[in-house]
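Residue-level listing of the chains:
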Amino acid sequence: MKKAIQYTTLLFTCAFALGACEKSELVDYNQPDMIYVFKDFDSDVKDSASYSFAIKDESLQYDTVFVPVRIMGTAKDFDREVKWAPVDSLTTAVAGTDYEILPAKVPAGAFSANIPVKVLRNTAMKTNEVRLMVEIRQSKDFAPGISDANGSSWYMPGASRRYLVKINDFLTKPNNWDSFLKFFFDTFSQVKYAFIIKVTGRSEFPSGSTGLPYAQFVYYETVCRNALAEYEAANGPLIDEFGNRVTF
Amino acid sequence: MFTSIKYLCGITLAIAMAGCYKDEGNYDYNEINKIAITSDSTDVVVSQQDTLRINVNLSQTMPDASGLTYQWVLYPTGTAQTRRTLSETKNLSAFITEAPGSYVLDYFVTDKKTGVSFQKRFWINVVSAFGEGWMVLEEVNGATDIGLVTKGNKIYRNIYSATNKGAKLPAGANMIQIINYRSDQEIYIFSPNDMIQVNYIDFLKIKRFDEFFFTAPEPKPQGHYLLGGADKILYNNGQVFPVSLMTPPPFFYGLPLIGENPYYMEPYPIYSVLKGKFFYDRISQRFYRAGPYDIELSSCPAYNPALDAFDMNNIGKKMLYAEHNVTDQHIALFKNNNHDSLFIYVLDAGIDNAAIGKYDVTKVPGLLGADHYMMSKTLTYLYYSNGNKVYKLDILAQTSTLLYTFPAGAQVADMKLYLNYDDFEDPDNYRVMGIATNEGDQGKLYYFHIAGTGNFTGNTYREVFSGFGKLSSILFKSRS
């Protein structure tokens, strides 16, 4: 009996010791798939975007604004549905009149996507700007992700569940005017902007690493300056909607 | 039962303990042939389109009759995208077609008997055949081409047409300029109605005049300059086109600087990092200025007799020449409107009151009627030529010295200082002057060494190269 205890003890000891050789499995971290509005730190439209039909062709009756989103979690091998809806208390735009909700998805294998918001032109927009606060909602594939993180650098971008789209049909300050265009065109006014569009032949002036070359902004500034001098020589000063003389 | 358990435990322990067995490494080793590779140098410079030759010495500890195989493999340094086996012979003799740049050359010697390879690495710097030397614009039978005299005194001619399918330079090509921008080298050829850029490696035409602009003006290019590393200006028909080199590119020119009145700027750059650009208007006969990002010209500070040697906003003379001298100091040569008096104005472009000196040099021999000018970069001397004579003007003393007289009938075509951007320790920097002459039916290129006095060492040239066509412009080209 004594030997049986000894050998049994020895056998258990060996088994216990060898048990240490067992490979430990990795522990999974599980989080529901989520999605949020991506706020590129350097973007002029990271929080909101203004869409103006006034700089588009007269025949254009609708267009699409894209809201960038990114997922939390891993990519999947199938398309996934993204749901969004307006925040009623912060929205003046009317569904079917000012905008339409289009189906949105994150394609298979993708980590990012764009929510398409169809904006509709109507005569009321000639005088009134409408606001559409888009909010990410729970879908069968995604829960709403991070909310209200502003970001601190290009490698630490921000996130939100909401995004504001402003829609109108009159000349409004381009999204990058205050951050960039003002260094070439100075103070914004609708009259000045219309003049710029007329003499440069373009209505959008994208800046940043994917925008127009710096030299091209200088070129447009000179074009506007020369054109204004010609205009003033023929017509006198150009006065904007605030009663101020337009200058560049 | 107990016995079985006992054996089972014993076997288990034996297996477990086996992992503790120390490998003593008691194997049998056989000596193999070891090959040592030596050569004179592992850093080699070779010109593009030239033959790279490397001889090696091999020593073997156990040579075998089965012999050795060899392989020379060349690939760019950094992230190699390509590799080329240059040769499979013991010593290397291979024609180099690779683009200029840094390369790694690996030499492998493999013992056929054992299959064991031994390696030696070489560092190869492929340089352009046309990388360094005096460029010349020469006209033969009415057609202008580029020649190059290398530092080894090898003369290449018709480089441009050889690279550009026989095409010659635009008609009347008469000026060659270089802008060294960061690690790039931009070579521009000017003609009355065009300015083209050629590749600095092989002189292949890259751009024509209108391709430098968003909206190109009528081409009458006069000069193209990099100012301070962040600004370029292009003079065209008296108009000044600026472009800031802020990213993103491309750096196209837009419209000329806006003036209060119509202007025609003389094409001589005057600049400082602190105060920006200065321009001299032929029409109003006064200076204007513009900051780095300005799109319009502005007046210079109002004249202050206590501080200013002259009124920048009211010169009233015809500018003949202007060039940078030392630091931010520039020299401008003026002639009065009666064409009988000459003046040197000295500007310090780095201070508010830039007008710092004024000298009457009317009586300096040969200066009235001079045809080419060149400023010293070390002393306040202006070199100038008049016909076949070259002079040195001591501006502060308002005296001149005749430095050299070429044969009767010779005509100086251009004068330039030597500056090797690739080697700022080069003892010839600013101490050698290249002078192109047209003598009879041939052009000649002279090198003069400049002594500490500013005169030519030994009062004569150091080297001369003849046999060119009619020369119009010369410039030293450094390696890039």
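Residues numbered from 1 in each chain as written. Chains lettered and ligands numbered in written order. Predicted model: local features only at pLDDT ≥ 70, side-chain atom pairs only at ≥ 80, totals over all residues. Heavy atoms only, no water.

The subject of this paragraph is the overall build of chain A. The number of helices and strands found in chain A is 4 helices and 12 strands. The C-alpha radius of gyration computed for chain A amounts to 29 Å, which surpasses the reference 18 Å derived for 248 residues by more than 25%, pointing to a less compact arrangement than a globule. For chain A, the spread of C-alpha atoms along the three principal axes comes to 120 × 40 × 30 Å. Taken across its 248 residues, chain A has 43% of its residues classed as buried. Counting contacts in chain A only where the partners sit at least 6 residues apart, residues at least 24 apart contribute 73% of the total. Of the roughly 14,000 Å² of accessible surface on chain A, 55% is carried by carbon and sulfur atoms. Of the charged side chains in chain A, 27 are positive and 30 negative; the average position of the first set lies 6 Å away from that of the second. (Helix = DSSP H or I, 4+ residues; strand = E, 2+ residues; numbered from the N terminus. Rg over C-alpha atoms; globule rule 2.2 N^0.38 Å. Buried < 20%, exposed > 50% of the residue type's maximum accessible area, 1.4 Å probe, protein only. Contact = heavy atoms within 4.5 Å. Areas by Shrake-Rupley, 256 points an atom, 1.4 Å probe, with all protein chains shown as cover. Lys, Arg positive; Asp, Glu negative; His and termini not counted. Charge placed at Lys NZ, Arg CZ, Asp CG, Glu CD.)

This part covers the domain arrangement of chain B. With domains assigned, chain B is organised as domain 1 (35-127) and domain 2 (232-362). One C-alpha centre belongs to domain 1 of chain B, the other to domain 2 of chain B, and the line joining them spans 56 Å. (Domains from an automatic or database assignment.)

Taken across its 6 residues, strand β19 (residues 239-244) of chain B has 5 buried, putting it largely inside the fold. As consecutive antiparallel partners, strand β18 (residues 231-236) of chain B and β19(B) are separated by 2 residues, and within that stretch B:Asn237 has a phi angle of approximately 50°, a positive value. (Pairing = 2+ DSSP bridges.)

On the surface, A:Trp154, A:Tyr155 and A:Met156 cluster together to form a nonpolar patch covering roughly 430 Å² of accessible area. The residue A:Tyr155 is located in the loop between β10 (149-153) and β11 (156-160) in this model. (Patch = residues over 30% accessible without salt bridge, like charges linked within 9 Å, V, L, I, M, F, W, Y side chains within 5 Å. Salt bridge = Lys/Arg side-chain N within 4 Å of Asp/Glu carboxyl O.)

Further remarks concern the side chain of B:Glu132. By secondary structure assignment, the location of B:Glu132 is in the loop between β9 (117-127) and β10 (133-140). At a separation of 3.4 Å, a polar atom in the side chain of B:Glu132 contacts the side chain of B:Asn420. (Polar contact = N/O pair within 3.5 Å; in protein donor to acceptor, adjacent residues only side chain to side chain.)

Applying the stated criterion across every chain, the model contains 52 aromatic pairs over all chains. Measuring from ring centre to ring centre gives 4.8 Å for A:Tyr51 and A:Phe53, while their planes differ by 75°; the resulting arrangement is edge-to-face. Of the residues examined, A:Tyr51 reaches a relative accessible area of 10% and is grouped as buried. On the basis of relative accessibility, which here comes to 0%, the residue A:Phe53 falls in the buried class. Ring centres of A:Phe184 and A:Phe217 lie 5.3 Å apart, and the angle between their planes is 25°; on these two criteria the pair is classed as stacked. With a gap of 33 residues between them, A:Phe184 in helix α2 (residues 177-185) and A:Phe217 in helix α4 (residues 214-235) connect regions that are remote in the sequence. Accessibility assignment for this pair places A:Phe184 and A:Phe217 in one class, buried. Among the aromatic residues, ring-to-ring pairing joins A:Trp177, A:Phe185, A:Phe188, A:Tyr193, A:Phe195, A:Phe205, A:Tyr219, A:Tyr220, A:Tyr231, A:Phe248, B:Phe214 and B:Phe252 into one connected group. Geometry around B:Tyr288 places B:Arg286 over its ring, the cationic atom sitting 4.0 Å from the centre. A cation over a ring is seen here: B:Lys392 above B:Tyr381, with NZ or CZ 4.3 Å from the ring centre. (Phe/Tyr/Trp six-rings, centres within 6.5 Å; stacked < 30°, edge-to-face > 60°. Lys NZ or Arg CZ within 6 Å of the ring centre and 35° of its normal.)

So, about helix α3 (residues 190-200) of chain A. Residues three or four positions apart in an α-helix share a direction because the helix packs 3.6 residues into each turn. All names here are of chain A. Three or more residues of α3 are buried, namely Lys192, Tyr193, Phe195, Ile196 and Thr200. Summarising the axial view, the buried residues of α3 lie within an arc of 160°, below the 170-degree limit, and thus occupy one face. Check the buried side of α3 and you find it contacts α2 and α4. Just beyond α3, the residue with positive phi is Gly201, at close to 80°. (Arc of directions from axis to C-beta.)

It is worth spelling out the domain arrangement of chain A at this point. Splitting chain A by domain gives domain 1 (34-168) and domain 2 (177-235). Taking the mean C-alpha position of each, domain 1 of chain A and domain 2 of chain A sit 28 Å from one another.

Bringing the nonpolar core into the picture now. Residue and element names in this part refer to chain A. One finds Ile35, Val106, Ile115, Val117, Leu132 and Ile167 to be the most contacted residues of the largest nonpolar core, which totals 29 residues. Where this core is concerned, the elements lending two or more residues are β1 (34-39), β2 (48-52), β3 (62-72), β4 (80-86), β6 (104-106), β7 (112-120), β8 (130-137) and β12 (162-168). Aside from chain neighbours lying at most four places away, what touches Ile35 is Val69, Arg70, Ile71, Val82, Val106, Ile136, Phe142, Ala143, Pro144 and Gly145. Residues Leu171, Val218, Leu228 and Phe248 belong to the second largest nonpolar core, which totals 26 residues. (Core = buried A, V, L, I, M, F, W, Y, C linked by side-chain atoms within 4.5 Å.)

This part is about the sheet that holds β6(A). Residues and elements named next belong to chain A. Across the sheet, which stays open at both edges, the 5 strands sit in the order β2-β12-β8-β4-β6 with mixed pairing between neighbours. One side of each edge strand has no neighbouring strand; the edge strands of this open sheet are β2 and β6. Across the sheet, the mean angle from the axis of one strand to that of its neighbour is 30°, orientation sign disregarded. Sheet topology note: the β2/β12 ladder contains 5 bridges and is parallel. Within β12, the residue paired with Tyr51 across the bridge is Ile167. (Axes fitted to C-alpha atoms, helices over the stretch in contact; angles between N-to-C directions.)

Attention now goes to α2(A). All names here are of chain A. Among the residues making up α2, those that are buried are Trp177, Leu181, Phe184 and Phe185. Viewed along the axis of α2, the buried residues span an arc of 95°, placing them on a single side of the element. Along its buried surface, α2 packs onto α3 and α4. Looking one or two places after α2, you find Asp186, whose phi comes out positive at around 65°.

One can expect most non-glycine residues to show negative phi and most peptide bonds to be in trans. All names here are of chain B. Between Pro249 and Pro250 the backbone carries a cis peptide bond, its omega angle lying at 5°. Mapped onto the elements, Pro250 comes out in the loop between β19 and β20 (270-272). The phi angle at Asn141 is positive, at roughly 50°, despite the residue not being glycine. Unusually for a residue other than glycine, Asn153 sits at a positive phi of about 65°. Of note, Asn153 is situated in the loop between β11 (143-150) and β12 (155-156).

Bringing the sheet that holds strand β31 (residues 399-405) of chain B into the picture now. Residues and elements named next belong to chain B. Judged by pairing direction, the sheet is antiparallel, and its 4 strands sit side by side in the order β28-β29-β30-β31 without closing on themselves. The two strands at the open ends of the sheet, each matched to only one other strand, are β28 (372-375) and β31. On average, each strand axis in the sheet is inclined to that of its neighbour by 20°, with strand direction left out of account. Two strands pair when backbone bridges link them, and strand β30 (residues 389-394) and β31 are joined in this way by 6 bridges, in the antiparallel orientation. Counterpart to Asp394 in the pairing with β31 is Thr399.

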